Amino acid sequence: MVLDPGHGGTDPGARGTGGIRESEVVVDFSAQTKTALEALGFQVVLTRQSTENPSFDDRSAIANAQRGAVFVTLHVASTGLPGTVRVYVMSDLPASSDTTGLIPWERAQAPFLPLSRRFGDLVQSFLSQRFKGSPRTAQVAAVRQLRTTAAPAIAVEVSSVAVDDRGQLDRMAPGVADAIARGASAFRPSYVVATNPGERP
Amino acid sequence: MPRWRWWLIGMLVLAVAIAAGYFPVLKRNLRLSAQAPAKSEEQVRRELTQPAAANAGEPVGKAKLFWSSGARDGSLMAVTVDLPLPRDPVLRAKQVLNTLLAGPVDAELRTLPPDAVLLAFYLLPDGTGVADFSEALATATPSGIESEEMAVDSILRTLEANVPQVRWLKILVHGQEVDTLAGHLDLTRTFLVNARAVALPARPAAAGDSSKPAPSAASGPAPAKSPATGAKKSASPQKLTPANPPGKLAPTERKP
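Keep in mind that this is a model prediction, so the values were computed, not measured.

A. Main features of the overall build of chain B. Helix and strand counts for chain B come out as six helices and seven strands. When the elements of chain B are put in sequence order from the N terminus, they spell out α-α-β-β-α-β-β-α-α-β-β-α-β. Counting across all 256 residues of chain B, residues that qualify as buried make up 39%.

Structure below.
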C-alpha cells in the first residue's frame, strides 16, 4: 500500500479560516491509516512523512516502482458537507495504442481503471457506513495525481478545512483509516498482479 | 470708511445670504444621493465583463447555465436565463461563459471565482474549444477535488447545453497550459463536452484561423468525462421556464 499525504512543503493545500492546513492534517490521517493497514498485514510506504513536497510524478514513481502496489492519496477539501468523505477514481483515459507493451507514463492509470473503480467502491462503501451523508460509491474526476500512477489508485477527500475546530477532523481519522484498511483487505483477493513487467492487469 | 470697504462688506453679506439659501437644497441633495442605491462592486464587475456579443441585435434565447445546487455535495443545478445568443458558436460560447462567470444572484452558488475573467475563446475545426481564463481561475478557486471538479463541470455542462458545436474543451490559464486547476484537477487534458457535437461547416481558411492555438495534446484530445456529464444521460428531461426579460434569472431547476 502506498499512502500519499497530498501537498506539503510550500504547498499547504486547502486552508481553513481557522488556520487548518490540508498538508498537515493529511500527514496525521496517513499515519493512522498506515497503522490500520499494518495491523491487517499490509506493507505500507508513505510518499512523504513530514513537510517535504514531492512532485506528482515523484509520488507516482514510488507506487510505480513497486509490484502489486495499491495507491491511496489523501486530501482534505475546502468545501463539502463537514463530516463526510468522498473517494475519487480517475475518469476515463484513452487506451494506449503502444504495441511494445509498455504503459505510457502520462496515461499510466489507464489499464488500472477497472481495478481502481472496484477498490474505490469498496472503500467508499465502508466510509458511507461510518460517515453519514457520504456517497455510497466512488466518484469520478480527473485527479492529476492518479493519472500517472500505474496501480489501482484512489483519492480520498475529507470535508473539510472549513470546520471551526481541527479536532473535528482529527476525530474522523480513525474511521477513515479503518475504512481504507477494510477496503484494501476486501479488495486484495480480486487484485491479480501481472507476472511479467509491462503486462496489463 | 472708504467706499470700497462698504462694497466688500456688501459682497460678503450677499455671498453668505446666497450660501444660506442654498444650504437646504444641498442638504436635500445629499439625502437623496445617500438613499440612491450605490453600484455594488459585483454590479460594476458585471458591467465590465459583459461580453461584446451581448448586443440588442442578437436574438434573445434561453441559455441553460450550471451553478452549484447549494447542497454542498458538489452537485450542480441548471438555471435558465434569457440572453442574447449569437449564432456564431465562438461568440455564443463567450456569452454563456461570461454569464456563468458573472455568477448567480446568490453568490453562495457560484462555481467560479468572482475575479476570474474569460480572456479568449477559440473553436478549432475538429470541435475542440479552447477557453483561456485569467489567473484568478487558478488562484482563487477553492483547493479541493470536489470544488475544482464542480468548477470545471459547470463550464463543461454550460457549453454542452448551449453551444452544440463544442465537442471537446481545453482550459488554459492566461494563455498557458497548467498542471492542475488548484492543486488537484488535471488541466493538462482536453475534456469531453459533447460526444454528439454538431460538426462545424466547412469554410475556407480565414486569416483568423491561423492565430488559433492548437490544443496541447498533439495526438488529439484525451477525454475526461466528468461524473455529472455521465450522469446527465439518465437525468429527467429539462423543463424550460417561462420567458423572462433578457438577462433575468428564471426559477431554478435542481439537477442531481
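More follows now that the structure is in view.
B. Inspection of the overall build of chain A at higher detail. A tally of helices and strands in chain A yields six helices and six strands. Of the regular secondary structure in chain A, the N- to C-terminal order runs β-α-β-α-β-β-α-β-α-β-α-α. Relative to its length of 201 residues, chain A is compact, with a C-alpha radius of gyration of 16 Å against a globular reference of 17 Å. Here the C-alpha coordinates of chain A stretch approximately 55 × 35 × 30 Å along the principal axes. Here the contacts in chain A between residues at least 6 apart in sequence split such that 78% fall between residues at least 24 apart.

C. Main features of helix 5 (residues 145-162) of chain B. With 18 residues, helix 5 of chain B extends 26 Å between its outermost C-alpha atoms, agreeing within 8% with the 26 Å of an ideal straight helix rising 1.5 Å per residue. For helix 5 of chain B, the tally of buried residues reaches 18 of 18 residues, placing the bulk of the element in the interior.

D. Local environment of the nonpolar core. Counting 103 residues, the largest nonpolar core has Tyr88, Val123, Ile154, Val156 and Val176 of chain A together with Ala131 of chain B as its most contacted members. For Ala131 of chain B, the residues in contact, after removing those within four places along its chain, are Leu97, Leu118, Phe121, Ile155, Leu169, Ile171 and Leu172 of chain B.

E. Broad picture of the sheet that holds strand 1 (residues 2-5) of chain A. Pairing within the open sheet is mixed, and its six strands lie in the order 2-1-3-6-4-5 (chain A). Because the sheet does not close on itself, it has two edges, and the strands there are strand 2 (45-46) and strand 5 (139-141) of chain A. Across three bridges, strand 4 (residues 85-90) of chain A lies against strand 5 of chain A in parallel orientation. Bridging from a neighbouring strand, Tyr88 of chain A pairs with Gln139 of chain A of strand 5 of chain A. Together, strand 3 (71-76), strand 4, strand 5 and strand 6 (153-158) of chain A form the strand contacts of helix 5 of chain B, whose direction differs from that of strand 6 of chain A by roughly 100 degrees.

F. Region of interest: the interface of chain B and chain A. In this assembly, 23 residues from chain B lie in contact with 25 residues from chain A. Per-element tally for the side of chain B that touches chain A: the top contributor is helix 5 of chain B, with four residues. Across the side of chain B that touches chain A, the residue classes break down as seven nonpolar, eight polar and eight charged.

G. The pairing of strand 2 (residues 76-84) of chain B, seen in detail. Residue and element names in this part refer to chain B. Of all nine residues in strand 2, seven are buried, a share of seventy percent or more. Looking at chain direction, strand 1 (residues 60-68) and strand 2 are connected through nine bridges and run antiparallel. Opposite Val60, over in strand 2, you have Pro84 as the bridge partner.

H. Quick look at the packing of helix 3 (residues 113-130) of chain A against helix 6 (residues 173-187) of chain A. Residue and element names in this part refer to chain A. At their nearest, the axes of helix 3 and helix 6 sit 8 Å apart, and the two run at 140 degrees to each other. Here helix 3 is positioned oblique relative to helix 6, judged by the angle of their axes. Along this stretch, helix 3 crosses helix 6, giving a crossing that reads as right-handed. Contact with helix 3, carried on its side by Arg118, Phe119, Leu122, Val123, Phe126, Leu127 and Arg130, involves Gly175, Val176, Ala179, Ile180, Arg182, Gly183, Ala186 and Phe187 of helix 6 and no other residues of that element. Of the residues that constitute the contact of helix 3 with helix 6, the class distribution is ten nonpolar, two polar and three charged.

I. Representation of the sheet that holds strand 6 (residues 190-192) of chain B. All names here are of chain B. Within the open sheet, the four strands sit side by side as 3-4-5-6. Their pairing is mixed. This sheet does not close on itself; its edge strands, each paired only once, are strand 3 (118-123) and strand 6. Neighbour-to-neighbour, the strand axes of the sheet open up by a mean angle of 25 degrees, direction not taken into account. Where strand 4 (residues 128-133) and strand 5 (residues 168-173) come together, six bridges link them in parallel fashion. The residue of strand 5 that forms the bridge with Ala131 is Ile171. Docked against the sheet, helix 3 (residues 89-102) engages strand 3 and strand 4, running at close to 145 degrees with respect to strand 3. Packed on one face of the sheet, helix 5 meets strand 4, strand 5 and strand 6 and runs near 135 degrees to strand 5.

J. Inspection of unusual backbone geometry at higher detail. The peptide bond linking Ser159 of chain A to Ser160 of chain A adopts the cis configuration, its omega dihedral lying at -10 degrees. Structurally, Ser160 of chain A can be placed in the loop between strand 6 and helix 5 (166-170). Phi is positive for Arg72 of chain B, close to 60 degrees, though the residue is something other than glycine. Positionally, Arg72 of chain B belongs in the loop between strand 1 and strand 2. Taking the number of C-beta atoms within 10 Å as the measure of exposure, Arg72 of chain B has 18 and is therefore partly exposed.

Conventions we followed
- Residues numbered from 1 in each chain as written.
- Chains lettered and ligands numbered in written order.
- Predicted model: local features only at pLDDT ≥ 70, side-chain atom pairs only at ≥ 80, totals over all residues.
- Helix = DSSP H or I, 4+ residues; strand = E, 2+ residues; numbered from the N terminus.
- Buried ≥ 20, exposed ≤ 12 C-beta atoms within 10 Å, placed from the backbone.
- Rg over C-alpha atoms; globule rule 2.2 N^0.38 Å.
- Contact = placed C-beta atoms within 7 Å.
- Expected span 1.5 Å × (residues − 1).
- Core = buried A, V, L, I, M, F, W, Y, C linked by C-beta atoms within 7 Å.
- Pairing = 2+ DSSP bridges.
- Axes fitted to C-alpha atoms, helices over the stretch in contact; angles between N-to-C directions.
- Nonpolar A, V, L, I, M, F, W, Y, C, P; charged D, E, K, R; others polar.
- Parallel < 35°, antiparallel > 145°, perpendicular 65-115°, else oblique.
- Left-handed = near helix turned anticlockwise from the far one by under 90°.

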